[in-house]
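# Secondary and tertiary structure notes
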Amino acid sequence: MERERTFIMIKPDAVQRGLIGEIINRFVKKGYKLIAMKLMQIPRSLAEQHYAEHKDKPFFESLIQYITSAPVVAMVWEGKEIVATARVMIGATDPLKAAPGSIRGTYGVDLGRNVIHASDSKESAKREIELFFKPEEILTYSLTLENWLYE
Ligand code: IDP
Ligand code: MG
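In what follows, the accompanying structure is described. (Residues numbered from 1 in each chain as written. Chains lettered and ligands numbered in written order. Predicted model: local features only at pLDDT ≥ 70, side-chain atom pairs only at ≥ 80, totals over all residues. Heavy atoms only, no water.)

It is worth spelling out the site of ligand 1 at this point. Around ligand 1, the surrounding shell consists of Lys-11, Tyr-51, His-54, Phe-59, Leu-63, Arg-87, Thr-93, Arg-104, Leu-111 and Asn-114. Between ligand 1 and His-54 there is a distance of 2.8 Å, counted from an oxygen atom to a side-chain nitrogen or oxygen. Taking Arg-104, its side chain carries an N or O atom lying 3.1 Å from an oxygen atom of ligand 1. Calculation on ligand 1 without its partners gives an accessible area of 520 Å², and the protein chains cover 78% of this total. Each residue belonging to the shell around ligand 1 can be placed in one class, and the counts come to four nonpolar, three polar and three charged. (Near = heavy atom within 4 Å. Polar contact = N/O pair within 3.5 Å; in protein donor to acceptor, adjacent residues only side chain to side chain. Areas by Shrake-Rupley, 256 points an atom, 1.4 Å probe, with all protein chains shown as cover. Nonpolar A, V, L, I, M, F, W, Y, C, P; charged D, E, K, R; others polar.)

Pairing in this open sheet of four strands is antiparallel, and the strands run E2-E3-E1-E4 from one edge to the other. The sheet is open, and its two edges are formed by strand E2 (33-40) and strand E4 (116-118), each paired on a single side. Here the average twist between neighbouring strands, direction ignored, is 15°. Pairing of strand E1 (residues 5-10) with E4, which is carried by three bridges, proceeds in the antiparallel orientation. The residue bridging Ile-10 from the neighbouring strand is Ile-116, located in E4. Against the sheet, helix H5 (residues 82-90) makes contact with E1, strand E3 (72-78) and E4, and its axis sits at roughly 25° relative to E1, the strand it touches most. (Pairing = 2+ DSSP bridges. Helix = DSSP H or I, 4+ residues; strand = E, 2+ residues; numbered from the N terminus. Axes fitted to C-alpha atoms, helices over the stretch in contact; angles between N-to-C directions. Contact = heavy atoms within 4.5 Å.)

Let's shift gears to the packing of aromatic side chains. Within the structure shown, the criterion is met by two aromatic pairs. Ring centres of Phe-7 and Phe-132 lie 4.5 Å apart, and the angle between their planes is 25°; this geometry places the pair in the stacked category. Of this pair, Phe-7 sits in strand E1 while Phe-132 is found in helix H7 (residues 122-132), placing the two residues 125 residues apart along the sequence. By the burial criterion, Phe-7 is buried, and Phe-132 matches it. Between Phe-27 and Trp-77, the ring centres sit 5.5 Å apart and the planes meet at 40°, which makes this aromatic pair tilted. Taken together, the residues span a long stretch of sequence, with Phe-27 in helix H2 (residues 20-30) and Trp-77 in strand E3 at a distance of 50 residues. You'll find Phe-27 and Trp-77 in the same group, each marked buried. Sitting over the face of the ring of Tyr-141, Lys-33 holds its NZ or CZ atom 5.1 Å from the ring centroid. (Phe/Tyr/Trp six-rings, centres within 6.5 Å; stacked < 30°, edge-to-face > 60°. Buried < 20%, exposed > 50% of the residue type's maximum accessible area, 1.4 Å probe, protein only. Lys NZ or Arg CZ within 6 Å of the ring centre and 35° of its normal.)

This is the structure in structure tokens:
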């Protein structure tokens, strides 16, 4: 059984627009397993850590304002090759360039309101999961349908 994990966050614009259910549904229907989730408003210090790689970019301040402006849904998902696959499922950073059918390609139009976050590598996934969740908040459980998802 594949145990790869990634960090996925439904951003404030998507929460406000009523897209929580539709986004979660996409990952469930794909065959991935939700193993941690919380609705939270991100404190500024956590936002700055999460986006530390962008701290010198011109959009950094507006990015921090956006991500801390209202609640987000922070999640950990698990499954086969989920880090790379989730990036394909969310689509390119700019929703206008994101493939039609991807989450950003379906639900967004603006780079600064791009609906969803997913870790960009296994290293980022580990870092981001540790930033947002305590180990005891991440659940281990089996789904009875796993034999129908994995050979
Ligand atoms: P990613 O979310 O696809 O990994 P990154 O380049 O890591 O994209 O950028 C992080 C986030 O910063 C993006 O998802 C988007 O919300 C925001 N962002 C990136 N570039 C710009 C920009 O040029 N203008 C405004 N916001 C940006
Ligand atoms: Mg990124």
